[in-house]
Amino acid sequence: MKNNYPPNFKYEDFGPLFTAKFFNASHWTDIFQASGAKYIVLTSKHHEGFTLWGSKYSWNWNAVDEGPKRDLVKELEVAIRNRTDLRFGLYHSLFEWFHPLFLEDKSRSFQQQQFPVSKTLPELYELVSKYQPEILWSDGDGHAPDYYWNSTGFLAWLYNKSPVRDTVVTNDRWGYGTICKHGGYYTCSDRYNPGHLLPHKWENCMTIDKSSWGYRRDAGINDYLTIEELVKQLVETVSCGGNLLMNIGPTHDGTISVIFEERLRQMGTWLKVNGEAIYETHPWRSQSDDATPDVWYTSKRKQKLVYAIFLEWPTSGRLFLSQPIATLGVTKIKLLGHGQPLNWTSLKPNGLLVELPHLTLHQMPCKWGWALELTNVI
């Protein structure tokens, strides 16, 4: 700060610098649609308390009164709902770093509730009633317990009386100690990727920039995950029963930088071919292969389908899968995006060897990872 900003520059001085002058909700929406995502979550308010809508509970510290002079939440909500079939979600921070009422409550060990009663809860009711998000992503408990935030009272309203009561989904960050214990789905920690099956629905909320949730002007190319690394995150997460929430940090003038746009569009290209192995799948009895590294499994039980997603194309042209048990004359295997039945050999005591098609680089259905569809295996 000393090197780049004037003396006595305060956090609130960032307000006028956040202009969003190039923000185009339709353009953002087209990128999200192209990414293959099924839902998006906009940070409507982070820990500094600045709301991206004109909240009457955040006077003069919101995007309508300060900076952009626009209701950014509304613009994106309208674009998402008019142009796509994505679910619209909102992130909201319970606590605020600088708010005097929160700091006073904290100094009294949260034995009084001035801040949630006058700020957080009215703001949440306003946010849900006005924009009707189908995902409400809560965060930032400020080390205060759920009863300080009256989370159960709010959630009772959300699930029973709110305008989104029939469709809304929430996470697990509703007060100190609730994370990974109480929630529609668990997030457990930032960048959570356990690598094994969990009994409860969960989400891996991670960043394309390896070390930041925001936009960094000084980030280099090696600071971003490659598309190969992102596909691996997706496949590992889904095979273990999770959803992947990939974070991008827009700029102060409202644009999505080219590196983020490229990663999102690359993911969409991959999902156009392999989405069948991701969307509406369930974890299989094995999440990954014991013998061949970087092979992950998903399934569709009703259709008796198992998908083996492999991230390295074997130089031998043969892929060994140790987990599936195949039956001669019944089991069929094909490569997604290729479609022709593949030859395979059953091995003793278990597993099978799949003969992959001989394809040139231009004939490959996709890059960065491939999926086999196995019919009638156990």
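Computed from a prediction, not measured in an experiment: that's the story for all the values here.

Quick look at the UniProt feature "site: May be important for catalysis" (unreviewed entry) in the protein chain now. Per the UniProt record, "site: May be important for catalysis" (unreviewed entry) is annotated on Cys 205. With respect to the secondary-structure elements, Cys 205 resides in strand β5 (residues 202–207). The residues touching Cys 205, leaving out its near neighbours within four places in the chain, are Trp 137, Asp 190, Arg 191, Tyr 192, Trp 213 and Leu 245.

In terms of nonpolar packing, the biggest core is built from 82 residues, with Phe 32, Leu 76, Trp 270, Leu 321, Val 354 and Leu 372 touching the most fellow members. When we break this core down by domain, the ones giving at least three residues each are domain 1 (11–275) and domain 2 (282–375). Look past the residues within four positions of Val 354 in its chain and what remains in contact with it is Gly 317, Arg 318, Leu 319, Leu 321, Ile 333, Leu 342, Asn 343, Trp 344 and Leu 372. Among the nonpolar cores identified, the runner-up in size contains 19 residues, and Leu 136, Ala 144, Tyr 148 and Trp 149 belong to it.

Further remarks concern the pairing of β5. When you tally the buried positions in β5, you get six out of six residues, the bulk of the element. Of the two faces of β5, the one holding Trp 202, Asn 204 and Met 206 and the one holding Glu 203, Cys 205 and Thr 207 are both buried throughout. Sheet analysis places β5 next to strand β6 (residues 242–247), joined by six bridges and oriented parallel. Paired with Cys 205 across the two strands is Leu 245, which belongs to β6. Note on the crossover from β5 through helix α7 (residues 227–239) to β6: the handedness is right-handed.

This next bit is on the state of the cysteines. One way to say it: the disulfide is the covalent bond shared by the sulfur atoms of two cysteines. Counted by the stated rule, this structure contains one disulfide. Between Cys 180 and Cys 188 runs a disulfide, and the two sulfur atoms are separated by 2.0 Å. Between Cys 180 and Cys 188, the S-S dihedral sits near 70 degrees, and the bridge is therefore right-handed. Given the relative accessible area of 33%, Cys 180 is considered partly exposed. Taking the relative accessible area as the measure of exposure, Cys 188 reaches 13% and is therefore buried. Not engaged in a disulfide, the cysteine Cys 240 finds its nearest cysteine sulfur in Cys 188; these two sulfurs lie 13 Å apart.

Attention now moves to the domain arrangement of the protein chain. In many analyses, interface size is given as the accessible surface area lost on bringing the parts together. What the domain assignment lists for the protein chain is domain 1 (11–275) and domain 2 (282–375). Of note, the centres of domain 1 and domain 2, computed from C-alpha atoms alone, are 36 Å apart. Of the roughly 1400 Å² buried between domain 1 and domain 2, counting both surfaces, carbon and sulfur atoms make up 74%. Looking only at domain 1, the three residues that lose the most surface to domain 2 are Ser 239, Trp 270 and Val 273, adding up to 34% of its buried area.

Moving on, we come to helix α4 (residues 114–131). The end-to-end C-alpha distance of α4 is 25 Å, a good match for the 26 Å that 18 residues give at a rise of 1.5 Å each. Helix geometry: α4 is bent most strongly at Thr 120, by close to 30 degrees, with proline Pro 122 lying one to four residues after it. Those residues of α4 lying buried are Phe 115, Pro 116, Lys 119, Thr 120, Leu 121, Pro 122, Glu 123, Leu 124, Glu 126, Leu 127, Val 128 and Tyr 131. Just beyond α4, the residue with positive phi is Gln 132, at close to 50 degrees.

Another point: the packing of aromatic side chains. Following the criterion strictly, the structure yields 30 aromatic pairs and no others. Judged by centre distance (4.8 Å) and plane angle (75 degrees), the ring pair of Tyr 148 and Trp 149 falls under edge-to-face. Relative to Tyr 297, the ring of Trp 284 has its centre 5.0 Å away and its plane inclined at 55 degrees; by these criteria the two rings are tilted. Placement of the pair is Trp 284 in the loop between α8 (258–274) and β7 (295–300) and Tyr 297 in strand β7, with a sequence separation of 13 residues.

Criteria and cut-off values
Residues numbered from 1 in each chain as written. Predicted model: local features only at pLDDT ≥ 70, side-chain atom pairs only at ≥ 80, totals over all residues. Heavy atoms only, no water. UniProt positions renumbered as here; feature names shortened; annotations may be inferred. Helix = DSSP H or I, 4+ residues; strand = E, 2+ residues; numbered from the N terminus. Contact = heavy atoms within 4.5 Å. Core = buried A, V, L, I, M, F, W, Y, C linked by side-chain atoms within 4.5 Å. Buried < 20%, exposed > 50% of the residue type's maximum accessible area, 1.4 Å probe, protein only. Domains from an automatic or database assignment. Pairing = 2+ DSSP bridges. Right-handed = clockwise from strand over helix to strand, strands pointing away. Disulfide = S-S within 2.5 Å. Buried area = accessible area lost by both parts, 1.4 Å probe. Expected span 1.5 Å × (residues − 1). Bend = angle between axes of the 7 residues up to and from the residue. Phe/Tyr/Trp six-rings, centres within 6.5 Å; stacked < 30°, edge-to-face > 60°.

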